[in-house]
Amino acid sequence: MINLAVESKKSYNIMKHDFVTIADLSKDKIMYMIRLAQEFEKHPNRELLKGKIVATLFFEPSTRTRLSFETAANRLGAKVIGFSDAKASSVTKGETLKDTILMVSNYADVIVMRHYIEGAAQYASEISPVPIVNAGDGAHMHPSQCLLDLYSIYKTQGTLENLNIYLVGDLKYGRTVHSLITAMRHFIAPEELAMPNEYKLYCKQHGIKFEEHTEFNDEIIANADILYMTRVQKERFSDLMEYERVKNVYILKNSMLKNAKENMKILHPLPRVNEIAYDVDANPHAYYIQQAGNGLYAREAIFSHVLDISIDDVINDNTIIK
Ligand code: CP
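Residues numbered from 1 in each chain as written. Predicted model: local features only at pLDDT ≥ 70, side-chain atom pairs only at ≥ 80, totals over all residues. Heavy atoms only, no water.

(A) Looking closely at empty space enclosed by the protein. Scanning the entire structure with this criterion turns up two cavities of 30 Å³ or more. Around the largest cavity, the lining residues are Val168, Gly169, Met229, Thr230, Val232, Lys247, Asn248, Val249, Tyr250, Asn274 and Glu275. The residue inventory of the lining of the largest cavity, partitioned by class, reads five nonpolar, four polar and two charged. Reported here for the second largest cavity is a volume of approximately 30 Å³. Lining the second largest cavity we find Arg64, Gln145, Leu148, His268, Pro269, Tyr288, Gln291, Ala292 and Arg299. Listed by contribution, the elements that provide at least two residues to the lining of the second largest cavity are α6 (143–157) and α11 (288–306). Residue contributions to the lining of the second largest cavity peak at four residues, all from α11. Considering only residue class, the lining of the second largest cavity consists of four nonpolar, three polar and two charged. (1 Å grid on protein atoms, 1.4 Å probe; cavity = no way out; pocket = protein on both sides within 12 Å on 5 of 7 lines; lining within 4 Å. Points joined across faces, edges and corners; volume = space filled by probe spheres on them. Nonpolar A, V, L, I, M, F, W, Y, C, P; charged D, E, K, R; others polar. Helix = DSSP H or I, 4+ residues; strand = E, 2+ residues; numbered from the N terminus.)

Here it is, written out as structure tokens:
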């Protein structure tokens, strides 16, 4: 009996769609997801997921990612279960990730998981009979953030091609930038926080051209279509003295934006600490708050993708609530 159960889960696995890394998606599929997000932006409230249960398992803190996934599930008519702090779960009694995933997959139709171990989402996807959505795994990947970033870039620039996109700050530990790497051209970081070699190798293998800089100045800003700022990820440093040395390395101030191109937008996955001064917030180039808002539509698109709801289903949906 036990073996039969395992076999049936394996055959389910072959058919299910996980969302673990953006690298799994072709360019066409990314554009398809952007079209889906556009449809959801037109009509975010529907009952497309009525009867479904979404589990959100957050082993690391989050504001935007968890709340926007839960909002997306609620706005599409699903019900949400889960935890925002693993200390309130049986993990504190020693339950393994494997057993946690197998238990929750008994209850939910899709699992959204943030975990501090790199590769945890991939592992979960291999053992789970229901789709796994990676909401961030350690310093590794954050593919739903990547999709909302690409959606924000497309929305503000009208294209994802031939843009001067500058990625600024902590490129070593920032998982959002590791997911976004395929869209990037310029990496600005101090030596201590430079883009890790594995991602540069990925770019070289996939013909993605990039330039590395350590300077962050008005000339760079004047050349940018997108300035993607990042926080120095204090929680990933094993040596806090090193964090102290680099924490203020690049701070964007309003006075630095005088020569920015008209179309230039400033993105940030948030939360920010001090890398964007508050006097930038009122500048028309600032887009990071709207960017986080786009997360709702991108995450509605992700639920559609993993639960096999096609763009035709979304366009012809008669469950829209106006
Ligand atoms: N951008 C992002 O992942 O934010 P949270 O950590 O608040 O989810």
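There's plenty left to go through after this.
(B) Molecular detail of the site of the ligand. Taken together, the residues surrounding the ligand are Ser62, Thr63, Arg64, Thr65, Arg114, His142, Gln145, Pro269 and Leu270. Contacts to the ligand include Ser62, whose side-chain N or O atom sits 2.6 Å from an oxygen atom. A distance of 2.8 Å separates an oxygen atom of the ligand from a polar backbone atom of Thr63. Here the ligand loses 91% of its free accessible area of 260 Å² to cover by the protein chains. In a pocket analysis with a 2 Å cut-off to the grid points, the ligand is assigned to the second largest pocket. (Near = heavy atom within 4 Å. Polar contact = N/O pair within 3.5 Å; in protein donor to acceptor, adjacent residues only side chain to side chain. Areas by Shrake-Rupley, 256 points an atom, 1.4 Å probe, with all protein chains shown as cover. Sits in = over half its atoms within 2 Å of the grid points.)

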